[in-house]
Amino acid sequence: MDTTDALAALAALSHPTRLDAFRLLVRHSPGGLPTGALVEASGLTQSTFSTHLAVMAKAGLVSAEKRGRQQVQHARLDTLRQLMTFLAKDCCEGRAELCEPLIADLTCC
């Protein structure tokens, strides 16, 4: 990930609706959620939410899969990993012990 990609992802997540939707998709990985479920969770209209979804897709944060008549949205966990790595890379100037609390927080239970 380069600076341009990181800025696009951060900008996409800087809106409360998009951040909430992305976090919801992460919680439902790897299965994803139908677009209708995301719209319902957001409380917005389909057309308004579609705009938010397009911003996240353009930033590489979400992808869609057609299942029958439904569009199922997925969080792109690879992009999330790349963004987190980009943000934390070299944060400790080679002192691994400074990054240990961050790594511990990110370790799944």
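Everything numeric here is computed off the predicted structure, so don't read it as measured data. (Residues numbered from 1 in each chain as written. Predicted model: local features only at pLDDT ≥ 70, side-chain atom pairs only at ≥ 80, totals over all residues. Heavy atoms only, no water.)

## Regarding the nonpolar core
- Counting residues in each nonpolar core, the largest one holds 20 residues, and the members touching the most others are Phe22, Leu25, Leu38, Phe49, Met56, Leu61 and Val62.
- If you list the elements that add at least two residues to this core, you get helix H1 (3-12), helix H2 (16-27), helix H3 (35-42), helix H4 (46-58) and helix H5 (77-88).
- Counting residues per element, this core draws most heavily on H2, which supplies four residues.
- When near neighbours in sequence (up to four residues on either side) are disregarded, phenylalanine 22 contacts Leu13, Met56, Leu61, Val62, Ala75, Arg76 and Leu80. (Core = buried A, V, L, I, M, F, W, Y, C linked by side-chain atoms within 4.5 Å. Buried < 20%, exposed > 50% of the residue type's maximum accessible area, 1.4 Å probe, protein only. Helix = DSSP H or I, 4+ residues; strand = E, 2+ residues; numbered from the N terminus. Contact = heavy atoms within 4.5 Å.)

## Focus: the pattern of salt bridges
- Considering all chains together, one arrives at two salt bridges under this definition.
- Where arginine 67 meets glutamate 65, a salt bridge forms, and the shortest distance between an N and an O atom there is 3.4 Å.
- The class for glutamate 65 is partly exposed, based on a relative accessible area of 32%. (Salt bridge = Lys/Arg side-chain N within 4 Å of Asp/Glu carboxyl O.)

## Some words on the UniProt feature "domain: HTH arsR-type" (unreviewed entry) in the chain
- According to UniProt, the "domain: HTH arsR-type" (unreviewed entry) feature falls on residues 1-95.
- Between the C-alpha atoms that bound residues 1-95 the distance is 22 Å, and the span itself is 58% helix and 15% strand. (UniProt positions renumbered as here; feature names shortened; annotations may be inferred.)

## Overview of the packing of H2 against H3
- For the pair H2 and H3, interaxial distance at closest approach is 10 Å and the crossing angle is 130 degrees. By the angle between their directions, the pair H2 and H3 is classed as oblique. In this structure, H2 meets H3 at a crossing whose hand is right-handed. Across the interface between the two elements, Thr17, Ala21, Leu24 and Leu25 from H2 touch Leu38, Ala41 and Ser42 from H3.
- Split by residue class, the contact of H2 with H3 holds five nonpolar, two polar and no charged. (Axes fitted to C-alpha atoms, helices over the stretch in contact; angles between N-to-C directions. Parallel < 35°, antiparallel > 145°, perpendicular 65-115°, else oblique. Left-handed = near helix turned anticlockwise from the far one by under 90°. Nonpolar A, V, L, I, M, F, W, Y, C, P; charged D, E, K, R; others polar.)

## Quick word on the pairing of strand E2 (residues 62-67)
- Bridging between E2 and strand E3 (residues 70-75) involves six bridges; their strand directions are antiparallel. By the bridge assignment, alanine 64 is partnered in E3 with glutamine 73.
- Connecting E2 to the next strand, E3, in antiparallel fashion are two residues, including glycine 68 with a positive phi near 65 degrees. (Pairing = 2+ DSSP bridges.)

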